[in-house]
Amino acid sequence: MLSGKHIILGITGGIAAYKSVTLLRLLVKRGAEVQVVITPSGKEFITPVTLSALSGKPVICDFFTANTGEWHSHVDLGLWADAMVIAPATACTIAKMAHGVADNMLVTTYLSAKAPVFVAPAMDLDMMAHPSTTANISLLRSYGNHIIEPAAGELASHLIGKGRMEEPEEIVRVLDEFFSRPMPLAGKKMLITAGPTYERIDPVRFIGNFSTGKMGYAIADAAAALGAEVTVVSGPVSIKPTQPSVKVIDVESAREMHAKCIELFPGSDIAVMCAAVADYTPANPATTKIKREHSDIPVIELVKNPDIAAALGAIKKPDQKVVGFALETDNEEQNAREKLQRKHLDMIVLNSLRDPKAGFGTDTNKVTLIDCAGNATHFPVKSKQEVAMDIINAIMDL
Ligand code: PMT
C-alpha cells in the first residue's frame, strides 16, 4: 500500500533517531518516496549523509540552503505529502507541534501539512508520564494526528518504563493499515454547512444563535476520513476540522452562505445542510452604532433570508443528494417531515431541543433520520462523532 506514496519522515533529536534509518530503509523498500526533514538537534544523533544516501534526496533541515540561498518551501512540502511521520518525536517537538511553535523546518512543515500525520514519541519514562507531555499528546490527538504509542522497555537512561519509540516494522505496519483502510466515499465531493449565521443589526450587534459548528464539523471529519473531498461553508465558530483535508470557507451571514452554496453545489455530489441559518435578517442594518442616548427604542424591521436547503433541493440533479436538518422544539416529527417534503430533501436529520443532551453546543446529540420514502430510524444519545457516522452510513445507503 505504500508504493508510490509521498512520505515526509520527520526526525528529531533523540537517541531513537538511529531507528529512523531502519524506518527509512523499510519505507523506501516498499516503494515510498521519502523526504527527510530533520531538526537541528536531530542532526546530532544521525547524519544527513546517511539519510540522503538512503532516501535518494537531500535532507532538509533549514529554511534556506546557506550557500545558494535556495528556499525550502514548507508549504509545497506539506502539499506534496500523502503522510507525514515524525519518528522519533521528542517531548520538545511534541510541545512545539501542540502549540504551533514554528521555529524550525520540521514544525513549520507539520503546520502546513494537509496529509495525515503520525507521531511516534520517544523519551524517558518520567518525561513521557509528565502531565505536560500527556496534555500535549492529547492536544495532538484532538487535532486528528495519529499517535503511535511508545513501547515499554529499557530506555537510554537504563531506566525501565514506557518511552521506547515503537519499532520501525510496527510503524510501517500502522502506515500500511492506514493506506489500506476502506475509502467508500473516495471520489465523492461533499458540501457541508455548519455553525450559525450572524445577521448584522449595526456594526457592533447581530442576530445569531447558539450553534457551535460541532455537529457539522463532525460530519465533515467523518466524511473526509472515508475519502470524501469535503468543503465546509461555515458560519462564525471557534472550532476547526480535525481532518487536514477538509476545506473550510468562512462566511458570516445567511446571504453569504447561500451565495457560496449556490456556487459550489453544481460541483458536489452530496450536500449536508447542518448550519443553523437565520430565517430573517434586518432589512436596513445601520452603518453606525445605534445609540441609546439619541433615539427612541429602535424597531428593527426584518426581511426573509433565502432558504439555502430549499434552493439546493430545487436545483439538484438526479445524481445529487441533499440532506437537511430539522431543529425542533415541539411537534418534532411532523415538522421534520414537512421540511423534508417542502425543501425536496433526500433525508432529514431531526434533533429536538426537548432532549437534554441534544442540539446546540453539546458534545452529544440524539437524532431521528427520516428518508424521502418516509422511513424513520430513531437513534439513542451518542457523541456527535458517532452521530456523524450514523448520518454518513445513511447517506451511503441513499
Ligand atoms: O452546531 P452545534 O452546536 O453542534 O449544533 C448542531 C445543530 C443543533 C445546529 C444541528 O444539529 C442542527 O439542527 N442544524 C439545523 C438547525 C436549523 O436551522 O434547523 P431548521 O429546522 O431551522 O432548518 C431546517 C433546515 O433548513 C436545516 O438543514 C437548515 O440548515 C436549513 N436552512 C434553514 C433556514 C435557511 N434560511 N436556510 C437553510 O438552509
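Relevant structure appears above.
Residues numbered from 1 in each chain as written. Predicted model: local features only at pLDDT ≥ 70, side-chain atom pairs only at ≥ 80, totals over all residues. Heavy atoms only, no water.

### Some details on the site of the ligand
1) Next: The environment of the ligand is formed by 28 residues, the closest being S211, T212, M273, K339 and N351.
2) Next: Between the ligand and S211 there is a distance of 2.6 Å, counted from an oxygen atom to a side-chain nitrogen or oxygen.
3) Next: In the model, an oxygen atom of the ligand is placed 3.3 Å from a nitrogen or oxygen of the K214 main chain.
4) Next: Protein chains bury 96% of the 770 Å² of accessible surface belonging to the ligand in isolation.
5) Next: Residue contributions to the shell around the ligand peak at 4 residues, all from strand β16 (residues 321-328).
6) Next: Across the shell around the ligand, the residue classes tally to 14 nonpolar, 8 polar and 6 charged. (Near = heavy atom within 4 Å. Polar contact = N/O pair within 3.5 Å; in protein donor to acceptor, adjacent residues only side chain to side chain. Areas by Shrake-Rupley, 256 points an atom, 1.4 Å probe, with all protein chains shown as cover. Helix = DSSP H or I, 4+ residues; strand = E, 2+ residues; numbered from the N terminus. Nonpolar A, V, L, I, M, F, W, Y, C, P; charged D, E, K, R; others polar.)

### Regarding the pattern of salt bridges
1) Next: As enumerated under the stated definition, the model contains 20 salt bridges in all.
2) Next: In this structure, R173 and E177 form a salt bridge, with 2.8 Å as the shortest nitrogen-oxygen distance. Of this pair, R173 and E177 both sit in helix α8 (residues 168-179), 4 residues apart, which is roughly one turn of the helix.
3) Next: Looking at R173, the relative accessible area reads 40%, which means it is partly exposed.
4) Next: Residue R337 is joined to E333 by a salt bridge in which the shortest nitrogen-to-oxygen separation is 2.9 Å. In this pair, R337 and E333 both sit in helix α12 (residues 332-342), 4 residues apart, roughly one turn of the helix.
5) Next: Of the residues examined, E333 reaches a relative accessible area of 28% and is grouped as partly exposed. (Salt bridge = Lys/Arg side-chain N within 4 Å of Asp/Glu carboxyl O. Buried < 20%, exposed > 50% of the residue type's maximum accessible area, 1.4 Å probe, protein only.)

All we've got here are geometric facts, nothing functional implied.
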